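Commentary on secondary and tertiary structure
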Amino acid sequence: MLDAWSNLSRRLSELDALAGTSGLLEWDQQTGMPPGGAASRGQQAAVIGSLMHERFTAPEVGQWLGALEQSPLDAVQAAAVRKQRRNYRRATMLPTRLVEDLAIARSEGFSAWMKAREADDFGPFEKPLQRLIGLSREAAERTAGPQTAHLYDELLEEYDPGSRVAELAPMFTRLSAGLGELLAAVERRGAQAGPQAVELELDDAGVRTLSRRVIRDLGFDLSRGRLDLSEHPFTCGLSVDDVRLTMKLNRKNPLGALAGTIHECGHGMYEQGLPKHLSGTGLDKAAGMGLHESQSRFWENFIGRSLPFCAYLLPRMQGIWPDLALTPAQLFASQNRIERSLIRVHADEATYNLHIVVRFELEVAMLEGRLQAADLPAAWDAAYEKHLGVRAPSARQGVLQDIHWSSGLLGYFPSYTIGNLYAASLGACVQQEIPDLWGQVARGEFGPVLAWLREKIHQHGHTTDAPEIFKAAVGDRDPVADLLDHLWSRQGRLYGVER
């Protein structure tokens, strides 16, 4: 048993090193790689991807797991074996050829998406996307078992183990109905009754300085991380001690750019807080992307859009731009305006999940074969008119706005809504357990709330699945009710409407 555990741990450590290298290649592709390097980068990613797949699916890994399953194990070992058996079962169903094809298609897909965005034309992205859809469907078909109710469940399993279409669809329906009630109440008040937007045009250098100051204050350790620029903000955790954040500058919407940076900072602090002592077990990882998103959404929305946070932020902004004539209340009101909009990453907290509903419905249709890539732009526009009452004037603002499909991340989008729901319940609990929470936020004292998240979420890594970690942290709460309560309390009060 000891030999099997030692061998398995050594192999998992080796795979972690390869995963970090793969992540570094991806980070470089999105931050500094010249456009001409796309083809060679795809080959590099394919080699590493296939090597990782072969090393993990090797027969000896199955033998080690089998030996350990027949042996007395401590709690950590048992959790590690349970997780790796699930991963091994899924991985051994995918041939190396498919893993290589996916790696190449993702690299080519990203480059095609960038070209399509630059040209504001979906055409260059159509065939690469159709190939990614086909490969994703093939992977789902290969990993599906008798218990699989829907092929899309297999994509969800990759990002949020345990999530199912049968559960998500009614959850989205209930949440959408509640959001519709809030939007209707706000719109009955009329545009004149709502808060005014703060329109700023701030220099990029100042925004970068402010962003670094804010993420440092929140608790992101810049000695173990960095902040760079990219077309689409993302977080890349190469290891607990090397976490890369990126931001996208927007001179005409600097507050939106800062919100995106705070979002990525939430991801980054989760990565930096994972249990380093569990390295070599596979348990020193996030317990699913929904829980990961709960951390980014908690900081971006629950903390970052609060009035006390605006009271903390404004003096830091005025330290860079002394002539900035604003009050915290004006900043707060602007940050919490409700508006039906086109761009997901710029959506307000109240309408954001409607953007996810659109993507969820389209992804399910694509995987079922009811929707081809060529028909996606028209389907996108129809879905946006249905759910948000708006229509994109261009592909860049519509079907090409997200990076996810170009990277083959079908099944990822629902994690955002799962994260919003988790964050709402975490926010309700942290207010109860830290009575002076908002006073601390206003003073820029974020250590206590980060410590609370470290204890409740981060330190557990993936010792159990996200739903169990979430339930242990908040108890038997209804996250849909918590999110709607939060929105009615903050945005509803701001607009002067009640349920």
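Some words on the overall build of the protein
Helix and strand counts for the protein come out as 20 helices and three strands. Against the globule reference of 23 Å for 499 residues, the protein gives a C-alpha radius of gyration of 23 Å, in line with a compact fold. When its C-alpha atoms are laid out on the principal axes, the protein stretches across 65 × 50 × 45 Å. Per-residue burial for the protein yields a buried fraction of 57% across its 499 residues. Here the analysis covers contacts within the protein between residues at least 6 apart in sequence; of these, 75% occur between residues at least 24 apart. Of the side chains in the protein, 53 bear a positive and 63 a negative charge, and the two mean positions are spaced by 1 Å.

Looking at helix H20 (residues 479–495)
If you check H20, its first and last C-alpha atoms are 23 Å apart, about what 17 residues at 1.5 Å a residue would give, namely 24 Å. Counting buried residues in H20 gives 12 out of 17 residues, a clear majority hidden from the surface. Taken as a whole, H20 has its buried residues at Pro479, Val480, Asp482, Leu483, Leu484, His486, Leu487, Trp488, Arg490, Gln491, Gly492 and Tyr495. N-capping of H20 is provided by Asp478, with a side-chain oxygen placed 3.1 Å from the backbone N of Val480. A positive phi of about 75° marks Gly496, the residue just after H20.

Regarding unusual backbone geometry
Negative phi characterises most residues that are not glycine, and trans characterises most peptide bonds. Positive phi is not limited to glycine here, since Asp120 has a value of about 55°. Mapping Asp120 onto the fold places it in the loop between helix H5 (96–119) and helix H6 (123–143). In this structure Asp120 comes out as partly exposed when scored by relative accessible area, which is 33%.

Comments concerning the packing of helix H9 (residues 204–218) against helix H12 (residues 307–320)
Two elements in contact, H9 and H12, have axes separated by 10 Å at closest approach and are oriented at 140°. Classified by the interaxial angle, the pair formed by H9 and H12 is oblique. Seen along the crossing, H9 lies across H12 with a hand that is right-handed. Seen from H9, the contacting residues are Gly206, Thr209, Leu210, Arg213, Val214, Asp217 and Leu218; seen from H12, they are Phe309, Tyr312, Leu313, Arg316, Met317 and Ile320. For the contact of H9 with H12, a count of residues per class yields eight nonpolar, two polar and three charged.

Considerations on the pairing of strand E2 (residues 235–239)
Here E2 pairs with strand E3 (residues 242–247) via four bridges, running antiparallel. Its bridge partner being in E3, Gly237 is matched across the sheet by Val243. Adjacent in sequence and paired antiparallel, E2 and E3 are bridged by two residues.

Structural notes on the packing of H5 against H6
Between two packed helices, what matters for the description is the angle formed by their axes and the separation of those axes. For the pair H5 and H6, interaxial distance at closest approach is 9 Å and the crossing angle is 150°. With respect to their mutual orientation, H5 and H6 come out roughly antiparallel. For the pair H5 and H6, the sense of crossing is left-handed. In contact with Arg97, Leu98, Asp101, Leu102, Ala105, Arg106, Gly109, Ala112, Trp113 and Ala116 of H5, H6 contributes Pro124, Phe125, Pro128, Arg131, Leu132, Leu135, Ser136, Glu138, Ala139 and Arg142.

Focus on the nonpolar core
Formed by 127 residues in total, the largest nonpolar core has its most connected members in Phe298, Trp299, Phe309, Met317 and Trp405. At 11 residues, helix H14 (residues 352–368) tops the list of elements feeding residues into this core. Here Met317 is in contact with Leu200, Leu202, Leu210, Leu255, Leu324 and Leu331, once residues within four sequence places are set aside.

Concerning the environment of Asn420
Within the secondary structure, Asn420 is located in helix H16 (residues 414–433). Sequence-wise, Asn420 and Arg106 are 314 residues apart; in three dimensions their C-alpha atoms are separated by 27 Å. Not counting residues up to four positions away in its chain, the partners in contact with Asn420 are Arg297, Asn301, Tyr352, Asn353 and Leu483.

Considerations on the side chain of Gln295
Relative to the helices and strands, Gln295 is located in helix H11 (residues 289–303). The contact partners of Gln295, leaving out residues within four places of it in the chain, are Gly266, Tyr270, Leu426, Leu453, Ile457 and His458.

Some details on the pattern of salt bridges
Enumeration according to the criterion identifies 42 salt bridges in this entry. When salt bridges that share partners are traced, they join Arg97, Asp101, Arg131, Glu138 and Arg142 into one network.

Observations regarding the sheet that holds E3
A sheet is described by the order of its strands in space; here three strands give the open sequence E1-E3-E2, paired in mixed fashion. Since the sheet does not close on itself, it has two edges, and those belong to strand E1 (225–229) and E2, each with one partner. Averaged over all adjacent pairs, the angle separating strand axes in this sheet is 20°, with direction ignored. In terms of strand pairing, E1 meets E3 through five bridges, oriented parallel. Bridge pairing in E3 links Gly225 to Val243. Its contacts with the sheet put helix H10 (residues 254–273) on E1, E2 and E3, and the angle it makes with E3 is roughly 175°.

Quick notes on the rules
- Residues numbered from 1 in each chain as written.
- Predicted model: local features only at pLDDT ≥ 70, side-chain atom pairs only at ≥ 80, totals over all residues.
- Heavy atoms only, no water.
- Helix = DSSP H or I, 4+ residues; strand = E, 2+ residues; numbered from the N terminus.
- Rg over C-alpha atoms; globule rule 2.2 N^0.38 Å.
- Buried < 20%, exposed > 50% of the residue type's maximum accessible area, 1.4 Å probe, protein only.
- Contact = heavy atoms within 4.5 Å.
- Lys, Arg positive; Asp, Glu negative; His and termini not counted.
- Charge placed at Lys NZ, Arg CZ, Asp CG, Glu CD.
- Expected span 1.5 Å × (residues − 1).
- Polar contact = N/O pair within 3.5 Å; in protein donor to acceptor, adjacent residues only side chain to side chain.
- Axes fitted to C-alpha atoms, helices over the stretch in contact; angles between N-to-C directions.
- Parallel < 35°, antiparallel > 145°, perpendicular 65-115°, else oblique.
- Left-handed = near helix turned anticlockwise from the far one by under 90°.
- Nonpolar A, V, L, I, M, F, W, Y, C, P; charged D, E, K, R; others polar.
- Pairing = 2+ DSSP bridges.
- Core = buried A, V, L, I, M, F, W, Y, C linked by side-chain atoms within 4.5 Å.
- Salt bridge = Lys/Arg side-chain N within 4 Å of Asp/Glu carboxyl O.

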